Amino acid sequence: MNMAGLRVLQGQPHDAIELAEHALRLNPYPPGWYYWDLGFAYYAAGHYTQAVRVLRKEEVGRLPAKRILAASLAQLGQLTDAHEEACRFLEINPGFLASRWAATQPFRREKDRQHFVDGYIKAGLPL
């Protein structure tokens, strides 16, 4: 599953999805972060509906998932739901800035990093 996250950062989200789905088949009782990584890969690949489905799983329960869930909803044009998820995320992370987040992410390609930033901004997260 860790390789899936790395593949997203390398600009290979479809490979990441395959790796994440394989890891889930191997581990029938995965920790919640497995779903977070799969949602991360789905978002990176532009599969927003699948990202929403995965990131809404109760098992995810992780705060960063709210950020990517909000971005996925925004990319689908579901702005009311996206803003609600963004507000939930900001309640716990009031100092979050998409630009600060972007500066710390080791994406190989700038367009991949910007794809996430664009979704965050559409969802109402501050730049």
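Just so you know, these numbers come straight off a predicted model, no measurement behind them.

J.: Would you mind going over the overall build of the protein with me for this structure?
T.: Looking only at helices and strands, one finds eight helices and zero strands in the protein. Beginning at the N terminus, the succession of helices and strands in the protein can be written as α-α-α-α-α-α-α-α. For 127 residues, the compact-globule estimate of 2.2 N^0.38 gives 14 Å, and the C-alpha radius of gyration of the protein, at 14 Å, lies within 12% of that figure. For the protein, the spread of C-alpha atoms along the principal axes amounts to about 40 × 30 × 25 Å.

J.: Would you mind showing me how to read the confidence of the model for the protein here?
T.: When pLDDT is low, close inspection of the predicted coordinates is not appropriate. For the protein, mean pLDDT is 95; residues scoring 70 or higher make up 98% of the total. Highest mean pLDDT in the protein belongs to helix 8 (residues 110-123) (98); lowest belongs to helix 5 (residues 63-75) (92).

J.: For this particular structure, what's the right way to read the pattern of salt bridges?
T.: Applying the stated criterion across every chain, the model contains four salt bridges. We note a salt bridge from Arg109 to Asp112, for which the minimum N-O separation is 2.8 Å. On the accessibility criterion, Arg109 (34% relative accessible area) is partly exposed. Using a relative accessible area of 13% as the deciding quantity, one classes Asp112 as buried. Arg113 serves as the salt-bridge partner of Glu110, at 2.9 Å between the closest nitrogen and oxygen. One end of the pair is Glu110 and the other is Arg113, both in helix 8 and three residues apart, which spans about a single turn. We classify Glu110 as partly exposed; its relative accessible area is 45%.

J.: What is the right way to look at helix 3 (residues 32-44) in this model?
T.: Between its first and last C-alpha atoms helix 3 spans 19 Å; for 13 residues at 1.5 Å apiece the expected length is 18 Å, and the two agree. With 12 of 13 residues buried, helix 3 lies mostly within the body of the structure. Gly32, Tyr34, Tyr35, Trp36, Asp37, Leu38, Gly39, Phe40, Ala41, Tyr42, Tyr43 and Ala44 are the residues of helix 3 that are buried. Immediately beyond the C-terminal end of helix 3, within one or two residues, lies Gly46, with a positive phi of roughly 85 degrees.

J.: Honestly, the packing of helix 1 (residues 2-9) against helix 3 in this entry has me stumped. Any pointers?
T.: For any two helices packed against each other, the geometry comes down to the angle between their axes and how far apart the axes lie. The geometry of helix 1 relative to helix 3 is characterised by a closest axis approach of 9 Å and an angle of 25 degrees between their N-to-C directions. Judged by the angle between their axes, helix 1 and helix 3 are roughly parallel. Where helix 1 crosses over helix 3, the handedness of that crossing is left-handed. Here Asn2, Gly5, Val8 and Leu9 of helix 1 lie close against helix 3, whose contacting residues are Trp33, Phe40, Ala41 and Ala44. Of the residues contributing to the contact of helix 1 with helix 3, the split by class is six nonpolar, two polar and no charged.

Rules behind the numbers
- Residues numbered from 1 in each chain as written.
- Predicted model: local features only at pLDDT ≥ 70, side-chain atom pairs only at ≥ 80, totals over all residues.
- Heavy atoms only, no water.
- Helix = DSSP H or I, 4+ residues; strand = E, 2+ residues; numbered from the N terminus.
- Rg over C-alpha atoms; globule rule 2.2 N^0.38 Å.
- pLDDT = per-residue confidence, 0-100.
- Salt bridge = Lys/Arg side-chain N within 4 Å of Asp/Glu carboxyl O.
- Buried < 20%, exposed > 50% of the residue type's maximum accessible area, 1.4 Å probe, protein only.
- Expected span 1.5 Å × (residues − 1).
- Axes fitted to C-alpha atoms, helices over the stretch in contact; angles between N-to-C directions.
- Parallel < 35°, antiparallel > 145°, perpendicular 65-115°, else oblique.
- Left-handed = near helix turned anticlockwise from the far one by under 90°.
- Contact = heavy atoms within 4.5 Å.
- Nonpolar A, V, L, I, M, F, W, Y, C, P; charged D, E, K, R; others polar.

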